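# Analysis of the macromolecular model
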Amino acid sequence: MSDKTADAPGFLTIFGFFFGISAVTIGGGYVMVPVIQRAVEKRGWIPENEFYDLFATAQSIPGPLALNTAVFVGRRIAGTRGFIAAFLGILLPPFASIIAVASALEVVGAWPPVRGFLDGAFAVVPGLTAALAFNMIRKRTWTPLRAVITVAGAVLIVVAAKWAVPVFFAVVLVAWLFERTKPC
Amino acid sequence: MLNLFLAFLKVGAASYGGGWTIVGIIRTEILSLGWLTPDDFARLVAVAQVTPGPVALNAATMVGFRLFGLAGAAIATLAVVAVPVTLALTVGALMSRMAKRGRQVTEALKTGTIGLIAMTVWAFAPAATSSWLNAVTAIVAFSVSAFTRINPLWVILGSGIIGAARRAIFG
């Protein structure tokens, strides 16, 4: 990577690359990131081990994982130009499709089969979110202290309602202090 | 509009651990501001999950669009990604080093994220008890995504089609 921007792919190439992935991948970060990885490797833009470093960084900041990974990859291959190209490429397809769907719903939204479809699609949400929580809990390495802080934190966040965001950061801070003092 | 921006800015800052974790927070924000009814929000989530793109981002775009049209959609979308992208540009590398050195930061974030997903589960669980069909659907959806590698999208579409057929037949 001696000469980063001279022979780097252009704005439109990077934009088109992420636009394509974002447009055809339904299901958010954990579906999209492997797709990005394979495609990036195939083009020889970034070696595999470096991709994992970028992915780790993307996970350490908040925000949609696919978006974070994409902007890091974009910046790595073509600097600021790549960053902006990746940002727009990832965001535009969902943005445009949401606008299209929302506009269509204003017309056909009251039609019974459409309402029925949406009600049915929503009915899976309690199950899906519960499974997500279940997997997070199952995959974690537990210690008694961790369990206590996690349960207490979850209760506080649920109770906090409108204040959930500041309470979330407070819980993370407290958990971090405990993790530091008592390495598990 | 400013309220819309601030609400989603806040949501974006806490969006760790994948989109679904913050849908509960989005819901609380939107309902407490009286912008949408719980039913409206449920439909919106239904649409957001079958449209390409991260669920939280789609939900933000849609709420913005419903409230203030195209400008609202753009503002809500940008607000949700503003904090993450700024962090990515500035301290991303630093946070990654922190996260790699001790596993403490990662573990602390996991603790908080489980709290966030708990909030989402808490918000949506009551919907599973509203009818027998909803209860069965929720159990099937849970089993499929907790114990199999089947893409949950199939369950979403299947349930949607059943719902559409039911409405078409029984009205």
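Thresholds, definitions, all that
- Residues numbered from 1 in each chain as written.
- Chains lettered and ligands numbered in written order.
- Predicted model: local features only at pLDDT ≥ 70, side-chain atom pairs only at ≥ 80, totals over all residues.
- Heavy atoms only, no water.
- Helix = DSSP H or I, 4+ residues; strand = E, 2+ residues; numbered from the N terminus.
- Rg over C-alpha atoms; globule rule 2.2 N^0.38 Å.
- Contact = heavy atoms within 4.5 Å.
- Areas by Shrake-Rupley, 256 points an atom, 1.4 Å probe, with all protein chains shown as cover.
- Lys, Arg positive; Asp, Glu negative; His and termini not counted.
- Charge placed at Lys NZ, Arg CZ, Asp CG, Glu CD.
- Core = buried A, V, L, I, M, F, W, Y, C linked by side-chain atoms within 4.5 Å.
- Buried < 20%, exposed > 50% of the residue type's maximum accessible area, 1.4 Å probe, protein only.
- Expected span 1.5 Å × (residues − 1).
- Axes fitted to C-alpha atoms, helices over the stretch in contact; angles between N-to-C directions.
- Left-handed = near helix turned anticlockwise from the far one by under 90°.
- Nonpolar A, V, L, I, M, F, W, Y, C, P; charged D, E, K, R; others polar.
- Domains from an automatic or database assignment.

## Description of the overall build of chain A
The helix and strand inventory of chain A stands at 8 helices and 0 strands. Listing every helix and strand of chain A by position from the N terminus yields α-α-α-α-α-α-α-α. At 21 Å, chain A has a C-alpha radius of gyration far larger than the 16 Å of a compact globule built from 184 residues. Principal-axis analysis of the C-alpha atoms places the extent of chain A at approximately 55 × 55 × 25 Å. Put simply, of all contacts in chain A between residues at least 6 apart along the chain, 53% involve residues at least 24 apart. Looking at chain A as shown, the accessible area adds up to about 8,700 Å², and 70% of this sits on carbon and sulfur atoms. Side-chain charges of chain A comprise 15 positive and 9 negative groups, with the mean position of each set lying 8 Å from the other.

## What to know about the nonpolar core
Core analysis: the biggest nonpolar cluster contains 99 residues, and A:Phe18 and B:Phe8 have the highest contact counts within it. When residues in this core are grouped by element, the largest group, 19 residues, is from helix α4 (residues 65-108) of chain A. Those residues in contact with A:Phe18 that lie beyond four places of it in its chain are A:Ile36, A:Ala70, A:Val73, A:Ala86, A:Gly89 and A:Ile90.

## Considering helix α5 (residues 112-123) of chain A
Over its 12 residues, α5(A) extends 16 Å from the first C-alpha to the last, a length consistent with the 16 Å expected when each residue adds 1.5 Å. By the burial criterion, the buried members of α5(A) are A:Pro113, A:Val114, A:Gly116, A:Leu118, A:Gly120, A:Ala121, A:Phe122 and A:Ala123. Along its buried surface, α5(A) packs onto α4 and α6 (125-139) of chain A together with α3 (38-49), α6 (104-124), α7 (132-147) and α8 (152-170) of chain B.

## Describing the packing of α6(A) against α7(B)
Following both chains from N to C, one finds α6(A) and α7(B) inclined at 35°, their axes separated by 7 Å at the closest point. Handedness of the α6(A)/α7(B) crossing: right-handed. Across the interface between the two elements, A:Pro126, A:Gly127, A:Leu128, A:Ala130, A:Ala131, A:Phe134, A:Asn135 and A:Arg138 from α6(A) touch B:Ala138, B:Ala141, B:Phe142, B:Ser145, B:Ala146 and B:Phe147 from α7(B). In the contact of α6(A) with α7(B), the residues fall into 10 nonpolar, 3 polar and 1 charged.

## Remarks on the domain arrangement of chain A
Domain assignment breaks chain A into domain 1 (11-108) and domain 2 (140-181). Domain 1 of chain A and domain 2 of chain A are separated by 31 Å when their C-alpha centres are compared.

## Concerning the packing of helix α8 (residues 164-181) of chain A against α6(B)
Between two packed helices, both the angle of their axes relative to each other and the distance between the axes serve to describe the pair. Contact geometry of α8(A) with α6(B) gives a least axis separation of 8 Å together with a crossing angle of 145°. Judged by the twist between their axes, the crossing of α8(A) over α6(B) is right-handed. Only B:Gln104, B:Val105, B:Glu107, B:Ala108, B:Leu109, B:Thr111, B:Gly112, B:Thr113, B:Leu116 and B:Met119 of α6(B) make contact with α8(A), whose side of the interface consists of A:Ala164, A:Phe168, A:Val171, A:Val172, A:Ala175, A:Trp176, A:Glu179 and A:Arg180. By residue class, the composition of the contact of α8(A) with α6(B) is 11 nonpolar, 4 polar and 3 charged.

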